[in-house]
Amino acid sequence: MQLISYQFLLLLLPLSMIGRWALPFKWTRPWLLLCSYLFAYTWGWVSLGLLLSYTLFGWFVGLALVRWKKSKKSILSLAVALVLCCLMGLKLWGFFSQADAGVDSTTILGETLPLGISFYTFVLIAYLVDVFRGRAPEHELGAFALHMAFFPKLVAGPITRPAEFLEQLDGLKSVGADKFSAGLDLIIIGLVKKMVIADGLAAWVGIVFKSPQDHSCLGILVAVSGFTMQIYYDFSGYTDMARGAANLLGFELPENFRLPYLATNPSEFWHRWHITLSRFLSDYL
């Protein structure tokens, strides 16, 4: 299931909103966590299993970092190395599988891998580093699990800092008219960016890229420029939808794009493009 799908827009999101509004506050977190795991399961049982494994691993490592402070540097180094090795192994699986025409590069054990494994790996590393530094707020397992699995940001971000998300759980309130309206606006903007602009450009760019020999140098250059706009509107549209869905559930997710192609130099560009990834690299690399 993708955010841009009938199953998400007409089933999971409305269902999660109804539960968010109708259930008592004490059931809000379990309900949202259940919806998030249902979303993850649509990628297959392996995908859900990986997410659960990452969550339990991160939680127990976080406890170890707090309990065994004299060894916390070694614990953190080993934990980060393990999750990065897991991520690298899965990426290499996809790379080598792609070389085999008979194997889908996005599957393992017959199940579809979550495209968001990189994102929740980064979320986990940020949490462990913040615990190591004494900056992560203390929360019970259910809150941490929701931080890892929150479905609007699970597949393609934005990448949230631990305090950025967990502190919202403490002050979670009913969704006001302003936030509801802002959420709908972001979802509509995201749909237009993705389905109208990005998909429209993709159809045209694909024709040129499929047979470049049939087009002039100018036509190819225009197609390359069109491709840069396609990937921007595709990714930023998806992010807008994620932020809009989060708003409808009472959460704020950080901005991820700020008109990057208006940047005047490479440094400014990377502060405008995939902002939460640049921030993650700056804070934790």
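Asker: Please provide a residue-by-residue account of the overall build of the protein, values included.
Answerer: Counting secondary structure elements, the protein contains twelve helices and two strands. In sequence order, the protein lays out its α and β elements as α-α-α-α-β-β-α-α-α-α-α-α-α-α. Since a compact globule built from 285 residues should have a radius of gyration of about 19 Å, the 20 Å found for the protein is in line with a globular shape. Judged by the C-alpha coordinates and their principal axes, the protein covers about 65 × 45 × 45 Å. For the protein, the exposed surface amounts to about 14,800 Å²; the carbon and sulfur share of it is 68%. Of note, the protein has its 22 positive side-chain charges centred 9 Å away from the centre of its 19 negative side-chain charges.

Asker: Residue-level account of the environment of Phe-227, with values.
Answerer: Structurally, Phe-227 can be placed in helix H10 (residues 217-248). By relative accessible area, Phe-227 is classed as partly exposed at 35%. Phe-227 sits 23 residues away from Trp-204 along the chain, and the two C-alpha atoms are 9.3 Å apart. With sequence-adjacent residues up to four places away left out, Phe-227 is seen in contact with Val-205 and Phe-209.

Asker: Lay out the nonpolar core in plain terms, naming residues and giving numbers.
Answerer: Formed by 74 residues in total, the largest nonpolar core has its most connected members in Phe-8, Phe-39, Tyr-120, Tyr-127, Leu-128 and Phe-251. At twelve residues, the largest contribution of residues to this core is made by helix H5 (residues 117-133). Setting aside residues up to four positions removed in sequence, Phe-8 forms contacts with Met-1, Gln-2, Leu-3, Leu-13, Pro-14, Phe-39, Phe-151 and Ala-245.

Asker: Give a description of the pattern of salt bridges that names residues and reports values.
Answerer: Pairing is possible between side chains that carry opposite charge, provided their charged atoms lie close to one another. Taken as a whole, this structure holds nine salt bridges when the rule is applied. Glu-252 is paired through a salt bridge with Lys-179; the nearest N and O atoms lie 3.8 Å apart. Taken together, the positions of Glu-252 in the loop between H10 and helix H11 (266-270) and Lys-179 in helix H9 (residues 177-210) put the pair 73 residues apart, joining distant regions of the chain. Here Lys-194 ties to Asp-234 by a salt bridge, and the two come within 3.6 Å at their closest N and O atoms. One end of the pair, Lys-194, is in helix H9; the other, Asp-234, is in helix H10, with 40 residues separating them in the sequence.

Asker: Account for a nonpolar patch on the surface, with residues named and values stated.
Answerer: There is a patch of nonpolar side chains on the surface, built from Ile-188, Val-192, Met-195, Val-196 and Ile-197 and spanning about 430 Å² of accessible area. Positionally, Met-195 belongs in helix H9.

Asker: Could you give an account of helix H12 (residues 275-284), with specific residues and numbers?
Answerer: Restricting attention to buried positions, one finds in H12 the residues Ile-275, Thr-276, Arg-279, Phe-280 and Tyr-284. Buried residues in H12, looked at end-on, bunch into an arc of 135°, giving them a common side. Each element contacted by the buried residues of H12 is listed here: H5 and helix H8 (162-170).

Asker: An account of the side chain of Asn-247 is needed here, citing residue identities and associated values.
Answerer: Counting through the fold element by element, Asn-247 comes out in helix H10. Among the polar contacts made by the side chain of Asn-247, one reaches the main-chain carbonyl oxygen of Phe-251 at a distance of 2.8 Å. For Asn-247, the residues in contact, after removing those within four places along its chain, are Val-175, Lys-179, Ala-182, Gly-183, Leu-186 and Glu-252.

Asker: Describe H9, and please don't skip the residues or the numbers.
Answerer: Between its terminal C-alpha atoms H9 stretches 47 Å, which fits the 50 Å expected from 34 residues at 1.5 Å a residue. If you look at H9, its biggest bend is around 30°, right at Ala-198. All of the buried residues in H9 are Gly-183, Leu-186, Ile-187, Gly-190, Lys-193, Lys-194, Ala-198, Val-205 and Val-208. Buried residues in H9 make contact with helix H1 (6-22) and H10.

Rules behind the numbers
- Residues numbered from 1 in each chain as written.
- Predicted model: local features only at pLDDT ≥ 70, side-chain atom pairs only at ≥ 80, totals over all residues.
- Heavy atoms only, no water.
- Helix = DSSP H or I, 4+ residues; strand = E, 2+ residues; numbered from the N terminus.
- Rg over C-alpha atoms; globule rule 2.2 N^0.38 Å.
- Areas by Shrake-Rupley, 256 points an atom, 1.4 Å probe, with all protein chains shown as cover.
- Lys, Arg positive; Asp, Glu negative; His and termini not counted.
- Charge placed at Lys NZ, Arg CZ, Asp CG, Glu CD.
- Buried < 20%, exposed > 50% of the residue type's maximum accessible area, 1.4 Å probe, protein only.
- Contact = heavy atoms within 4.5 Å.
- Core = buried A, V, L, I, M, F, W, Y, C linked by side-chain atoms within 4.5 Å.
- Salt bridge = Lys/Arg side-chain N within 4 Å of Asp/Glu carboxyl O.
- Patch = residues over 30% accessible without salt bridge, like charges linked within 9 Å, V, L, I, M, F, W, Y side chains within 5 Å.
- Arc of directions from axis to C-beta.
- Polar contact = N/O pair within 3.5 Å; in protein donor to acceptor, adjacent residues only side chain to side chain.
- Expected span 1.5 Å × (residues − 1).
- Bend = angle between axes of the 7 residues up to and from the residue.

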